[in-house]
Amino acid sequence: MTSAFSAAAAGFGTGLSLIVAIGAQNAFVLRQGVRREAVFTVVGICALSDALLIALGVGGVGAVVVAWPAALTAVALVGGAFLLVYGALAARRVLRPGVLAAAGTDPGSRRRAVLTCLAMTWLNPHVYLDTVFLLGSVAAGHGALRWTFGLGAVLASVCWFTALGFGARLLSRFLARPAAWRVLDTLVAATMLTMGALLIAGA
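Cut-offs applied
Residues numbered from 1 in each chain as written. Predicted model: local features only at pLDDT ≥ 70, side-chain atom pairs only at ≥ 80, totals over all residues. Heavy atoms only, no water. Helix = DSSP H or I, 4+ residues; strand = E, 2+ residues; numbered from the N terminus. Contact = heavy atoms within 4.5 Å. Patch = residues over 30% accessible without salt bridge, like charges linked within 9 Å, V, L, I, M, F, W, Y side chains within 5 Å. Areas by Shrake-Rupley, 256 points an atom, 1.4 Å probe, with all protein chains shown as cover. Salt bridge = Lys/Arg side-chain N within 4 Å of Asp/Glu carboxyl O. Buried < 20%, exposed > 50% of the residue type's maximum accessible area, 1.4 Å probe, protein only. Core = buried A, V, L, I, M, F, W, Y, C linked by side-chain atoms within 4.5 Å. Expected span 1.5 Å × (residues − 1). Axes fitted to C-alpha atoms, helices over the stretch in contact; angles between N-to-C directions. Parallel < 35°, antiparallel > 145°, perpendicular 65-115°, else oblique. Left-handed = near helix turned anticlockwise from the far one by under 90°.

Novice: Got a sec to walk through the environment of leucine 53? Specific residues and values, please.
Specialist: Tracing the backbone shows leucine 53 in helix H3 (residues 39–58). C-alpha separation for the pair leucine 53 and valine 132, spaced 79 residues apart in sequence, amounts to 5.7 Å. Ignoring anything within four residues of it in the chain, the contact list for leucine 53 reads Trp122, Val127, Tyr128, Thr131 and Val132.

Dropping the structure here:
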């Protein structure tokens, strides 16, 4: 029991240390949480996607993916281009805050949120490096308890995205003014543009 708990705790700590860093996915979840738009769906997509990728990593799929480095290059290029476009849209909202006010009333906003969340997750090669490769490699070191380690990492992902998505609404009262939204969108734009440029440059 103690060994199993230690493995799960190690997985939780490792997973949390990798996921907490500010990135494109976290910035998107934070923004959706503050807007209170499709939060449950976005959090669910992020958590389930991480669970699947972690399971693939613990199962040893990372070694197979290494055989196709061109696949990760393609993902980096497509994902980088997507982040640049999203970052440009966030930058436009900084200059035109009226676009933000209209976005929440659009009936298609939930569908766009889902598609954007899927793209943020599955078109980001860093997600594969962190979950499939890195977590998979660390999990392998726990031998028979590697799946317990993986379960701890999955739990960390669920806890983080839930806290980020639903906890973000606590910032709503501080973002009642357009100027505050401009600050948030400036952070989102800077994150997306930087990540997009780094992905393309690294490909």
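Novice: I'd like a rundown of a nonpolar patch on the surface, residues and numbers included.
Specialist: A cluster of nonpolar side chains, namely Leu52, Leu56 and Val61, defines an oily patch on the protein surface of about 210 Å² accessible area. Relative to the helices and strands, leucine 52 is located in helix H3. Classification of leucine 52 as partly exposed rests on a relative accessible area of 45%.

Novice: Could you give me a rundown of the environment of glutamine 25, with the residues and numbers involved?
Specialist: With respect to the helices, strands and loops of the structure, glutamine 25 is situated in helix H2 (residues 24–35). Taking C-alpha positions, glutamine 25 is 6.5 Å from threonine 121, a pair spaced 96 residues apart along the chain. Those residues in contact with glutamine 25 that lie beyond four places of it in its chain are Cys46, Thr121 and Phe161.

Novice: Give a detailed account of the nonpolar core, specifying residues and quantitative values.
Specialist: Membership of the largest hydrophobic core comes to 30 residues, with the highest contact counts inside it found for Phe28, Val42, Leu83, Met120, Phe161 and Met192. The element best represented in this core is helix H10 (residues 178–202), accounting for 7 residues. Aside from chain neighbours lying at most four places away, what touches phenylalanine 161 is Ile19, Gln25, Asn26, Val29, Val43, Cys46, Ala47 and Asp50. Counting 7 residues, the second largest nonpolar core, distinct from the first, contains Ile54, Leu135, Phe149 and Ala153.

Novice: Run through helix H9 (residues 146–167), naming residues and quoting values.
Specialist: Here H9 contains 22 residues, and its C-alpha end-to-end distance of 31 Å stays within 8% of the 32 Å for a straight helix at 1.5 Å per residue. Of all the residues in H9, the buried ones are Phe149, Gly150, Gly152, Ala153, Val154, Ala156, Ser157, Trp160, Phe161, Leu164 and Gly165.

Novice: So, the environment of leucine 134: which residues are in play, and what are the values?
Specialist: Inspection of the secondary structure puts leucine 134 in helix H8 (residues 125–140). Take leucine 134: its relative accessible area is 39%, and that puts it in the partly exposed class. Separated by 119 residues in the primary sequence, leucine 134 and glycine 15 place their C-alpha atoms 9.8 Å from one another. Ignoring sequence-local partners within four residues, the contact set of leucine 134 consists of Leu18 and Leu129.

Novice: Talk me through the packing of H2 against helix H7 (residues 109–122); I want residue IDs and the actual numbers.
Specialist: One way to put it is that H2 packs onto H7 with a least axis distance of 9 Å and a crossing angle of 160°. In this view, H2 runs roughly antiparallel relative to H7, as classed from their interaxial angle. Helix-helix and strand crossings are classified by hand; for H2 and H7 the assignment is left-handed. Side by side, H2 and H7 meet where Ala24, Gln25, Phe28 and Gln32 of the first sit next to Ala113, Thr116, Cys117, Met120 and Thr121 of the second.

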